[in-house]
Amino acid sequence: MKPVIIAVAGGSASGKTTVVNEILGKLDLKSVAIIKHDDYYKAQHNITLEERTHVNYDHPSSLDNDLLVEHIRTLLSGKPISKPIYDFENYDRSSKTEIVEPKKVIILEGILILTDERIRQLSNIKLFVELDDDTRFIRRLQRDIKERGRSVDSVINQYLNTVKPMHHKYVKPTKRYADVIIPNDYNHGVAVDIIVSRIQKILEETE
Ligand code: CTP
């Protein structure tokens, strides 16, 4: 059976993970693989940590889409992949990898996931999670300090220098490719129900 591929884009800290969990909660499926685009940030073992902190991680060129496309095709052919794991505190790809088995539903999630035409074409359903910029910034500040080992100053500088301009240049324009735009600041239960029905329909058709 060919897996259903769902691509979930949206600005940084827009709540992509939460929306994915809501969809999965209603699907009651055991066979799901979630692949975060973040894990495909390019390895940068040849530059120093100080240099790595200044890389523009919100530009499409910072991600290894060739590897991700190869992995999606491998999963589609029914074979497992050895997925890289990204280490945010060290700003680099970690030395460990994770085996991901082919599943009925494959979710691809990331701010820039819809910028690559190959990934868009491989996806059955494309979603864009939307949330106000100020709310996203506050959430990112809290998260990066708590979970990614960052300081207040580093989060603010990165936001102003790269995250915000790249959001307007690369992330936001991909909204036009989305089949459904999900507002994440008020009740989006209907949008989630529509997406869940669509996934169920594709699963029934391909069974
Ligand atoms: N990033 C970073 N440092 C790195 C690599 C990436 O700060 N070494 C940041 C990029 O600036 C990018 C962000 O990671 O903006 C992408 O992650 P984000 O979408 O914010 O995380 P999710 O948990 O996937 O978001 P959501 O809250 O929507 O689930």
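Not measured: the values here are computed from a predicted model.

Enquirer: I keep staring at the pattern of salt bridges and nothing clicks. Help me out?
Expert: Pairing of side chains with opposite charge becomes possible as their charged atoms draw close. Overall, the coordinates contain 15 salt bridges when judged by the stated rule. For D66, the salt bridge identified is with R118, shortest N-O distance 2.9 Å. Here R118 lies in helix α4 (residues 117-122) and D66 lies in helix α3 (residues 65-76), a separation of 52 residues in the sequence. On the basis of relative accessibility, which here comes to 31%, the residue R118 falls in the partly exposed class. Residue D116 pairs with R118 through a salt bridge whose shortest N-O separation is 2.8 Å. Taken together, the shared-partner salt bridges in this structure form one network comprising D38, R140, R143, D144 and R148.

Enquirer: Looking at this structure, how should I read the pairing of strand β4 (residues 92-100)?
Expert: Each regular strand displays side chains that alternate between the two surfaces of the sheet. By the bridge criterion, six bridges tie strand β3 (residues 81-87) to β4 in an arrangement that is antiparallel. Looking at the pairing, I81 lines up with V100 of β4. Hairpin remark: β3 followed by β4, antiparallel, with four residues in the connecting loop; positive phi at Y91, about 50 degrees.

Enquirer: In this structure, what is going on with the side chain of H71? I would like to understand it.
Expert: One can find H71 in helix α3. With near-sequence residues (within four places) excluded, H71 lies in contact with Y40, I81, S82, K83 and P84.

Enquirer: Any chance you could explain the site of the ligand here in plain terms?
Expert: Residues in contact with the ligand amount to 22 residues; listed here are only the nearest, S12, T17, D58, E109 and R140. In this structure, T17 approaches the ligand through a side-chain N or O atom, which is 2.6 Å from an oxygen atom. Bound to the protein, the ligand loses 96% of the 630 Å² it would expose on its own. Secondary-structure elements contributing two or more residues to the shell around the ligand are α1 (16-27), α5 (133-147) and α6 (152-171). Split by residue class, the shell around the ligand holds eight nonpolar, five polar and nine charged.

Enquirer: How should I be thinking about α3 in this particular structure?
Expert: Residue pairs spaced three or four apart in an α-helix point in one direction, given the helix's 3.6 residues per turn. Taking 1.5 Å of rise per residue, twelve residues should cover 16 Å, and α3 covers 16 Å from first to last C-alpha, within 8% of that figure. What α3 keeps buried is the set N65, L68, V69, H71, I72 and L75. Down the axis of α3, the buried set is contained in an arc of 160 degrees. They therefore lie on one face. Lining the buried residues of α3 we find β1 (4-10), β2 (32-36), β3, β4, β5 (105-109) and α4. At the C-terminal side of α3, G78 shows a positive phi close to 90 degrees.

Here is what the cut-offs are and how they apply
Residues numbered from 1 in each chain as written. Predicted model: local features only at pLDDT ≥ 70, side-chain atom pairs only at ≥ 80, totals over all residues. Heavy atoms only, no water. Salt bridge = Lys/Arg side-chain N within 4 Å of Asp/Glu carboxyl O. Helix = DSSP H or I, 4+ residues; strand = E, 2+ residues; numbered from the N terminus. Buried < 20%, exposed > 50% of the residue type's maximum accessible area, 1.4 Å probe, protein only. Pairing = 2+ DSSP bridges. Contact = heavy atoms within 4.5 Å. Near = heavy atom within 4 Å. Polar contact = N/O pair within 3.5 Å; in protein donor to acceptor, adjacent residues only side chain to side chain. Areas by Shrake-Rupley, 256 points an atom, 1.4 Å probe, with all protein chains shown as cover. Nonpolar A, V, L, I, M, F, W, Y, C, P; charged D, E, K, R; others polar. Expected span 1.5 Å × (residues − 1). Arc of directions from axis to C-beta.

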